[in-house]
Amino acid sequence: MSWPEFIACTFRTRTIRLAAGVAALLLAVGLRAELKVGDAFPALKGVQADAALPVTAGHVTLIDFWASWCGPCKSSFPVYSRIQSDYAKDGLVVVGVSVDDSDAAYRTFVRRLAPTFVTAVDARHELAAHVEVPAMPTSYLLGRDGRVRYIHVGFHGAETEKQIRREIESLLAETPSSS
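Residues numbered from 1 in each chain as written. Predicted model: local features only at pLDDT ≥ 70, side-chain atom pairs only at ≥ 80, totals over all residues. Heavy atoms only, no water.

Considering the environment of Ala51
Relative to the helices and strands, Ala51 resides in the loop between strand E1 (48–49) and strand E2 (60–66). The spacing of Ala51 and Thr119 is 68 residues in sequence and 8.1 Å in space, taken between C-alpha atoms. (Helix = DSSP H or I, 4+ residues; strand = E, 2+ residues; numbered from the N terminus.)

Shown next, in the form of structure tokens:
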């Protein structure tokens, strides 16, 4: 991702946070700021999926926040589809969470890229506000215990794919009690 693309995605992400307005403010009251490594990832409440959301408890989970207007998100989807296909049998779950305001934009993006993982919409930006997603895309890799183990801000092609695959393999190799 080039710096202009990163800045544009970051600016757009900040604008989405502001658009969430009162809902984001109410969610933020009494809640922790930006999610960090070691924090428990919140439940996927408030998101709407076309298919049933997968069970994530006890699984290594990759949660990717994305938007149809985000260039790097278009590059990440085929990679996350391959990753889901390659590691699903080992217990990996991938969920893509869109912050699109437009249902049509969301559906067009998903139809065009046809991911192998479940996608959902956070149209009111409640989950994104709770997590305080810093930019689009941002992915959170969770251990079997539901805690954030790795955070990837942006998507940098093969470099990001290689790093995420290493991390997933490491997390899948852990016994449930060691994660």
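Overview of the pattern of salt bridges
What the rule picks out here adds up to eight salt bridges. With a shortest N-O distance of 3.7 Å, Lys89 and Asp90 are connected by a salt bridge. For the salt bridge of Glu126 with Arg124, the shortest nitrogen-to-oxygen distance reads 3.1 Å. Overall, the relative accessible area of 22% leaves Glu126 in the partly exposed class. In this structure, a network of salt bridges that share partners links the residues Arg82, Asp86, Glu161 and Arg165. (Salt bridge = Lys/Arg side-chain N within 4 Å of Asp/Glu carboxyl O. Buried < 20%, exposed > 50% of the residue type's maximum accessible area, 1.4 Å probe, protein only.)

Some remarks on the packing of helix H2 (residues 71–87) against helix H3 (residues 103–113)
Two numbers describe how H2 lies on H3: the axes approach to 10 Å, and their chain directions differ by 40 degrees. As the angle between them shows, H2 and H3 are arranged oblique. Of the two possible hands of crossing, H2 and H3 adopt the one that is right-handed. Along the contact surface, H2 presents Cys73, Lys74 and Phe77, while H3 presents Phe109, Arg112 and Leu113. Of the residues that constitute the contact of H2 with H3, the class distribution is four nonpolar, no polar and two charged. (Axes fitted to C-alpha atoms, helices over the stretch in contact; angles between N-to-C directions. Parallel < 35°, antiparallel > 145°, perpendicular 65-115°, else oblique. Left-handed = near helix turned anticlockwise from the far one by under 90°. Contact = heavy atoms within 4.5 Å. Nonpolar A, V, L, I, M, F, W, Y, C, P; charged D, E, K, R; others polar.)

Here's the deal with the sheet that holds strand E5 (residues 138–142)
Read from one edge of the open sheet, six strands run E1-E4-E3-E2-E5-E6, paired in mixed fashion. Strands with a single pairing partner mark the edges of an open sheet, and in this sheet they are E1 and strand E6 (148–153). Sheet strands touched by helix H5 (residues 158–173): E2, strand E3 (92–98), E5 and E6. Its angle to E6, the strand with the most contacts, is close to 175 degrees. (Pairing = 2+ DSSP bridges.)

A look at the nonpolar core
Counting 43 residues, the largest nonpolar core has Phe41, Phe65, Tyr80 and Tyr140 as its most contacted members. Elements supplying a minimum of two residues to this core: E2, H2, E3, H3, strand E4 (118–121), helix H4 (126–131), E5 and H5. Ranked by the residues each element gives to this core, the list is headed by H2, at six residues. Look past the residues within four positions of Phe41 in its chain and what remains in contact with it is Leu35, Ile63, Phe65, Val131, Tyr140, Leu142, Gly146 and Val148. (Core = buried A, V, L, I, M, F, W, Y, C linked by side-chain atoms within 4.5 Å.)

A few points about the packing of H2 against H5
Packed helices, taken two at a time, are described by the angle their axes make and the gap between the axes. Taken N-terminus to C-terminus, the directions of H2 and H5 make an angle of 25 degrees; their axes are 11 Å apart at the nearest point. Classified by the interaxial angle, the pair formed by H2 and H5 is roughly parallel. Crossing of H2 over H5 shows right-handed handedness. Contacts between H2 and H5 involve Val79, Tyr80, Arg82, Ile83, Asp86 and Tyr87 from the former and Glu161, Ile164, Arg165, Ile168, Glu169 and Leu172 from the latter. For the contact of H2 with H5, the per-class residue count stands at seven nonpolar, no polar and five charged.

Points about the packing of aromatic side chains
Tallying each qualifying case throughout the model produces eight aromatic pairs. When the ring of Phe65 is compared with that of Tyr140, the centres are 6.0 Å apart and the planes differ by 90 degrees; the resulting orientation is edge-to-face. One end of the pair, Phe65, is in strand E2; the other, Tyr140, is in strand E5, and 75 residues separate them in sequence. Like Phe65, the residue Tyr140 is buried in the burial classification. Within the aromatic cluster, the residues linked to one another by ring pairs are Trp66, Phe77, Tyr106, Phe109 and Phe117. (Phe/Tyr/Trp six-rings, centres within 6.5 Å; stacked < 30°, edge-to-face > 60°.)

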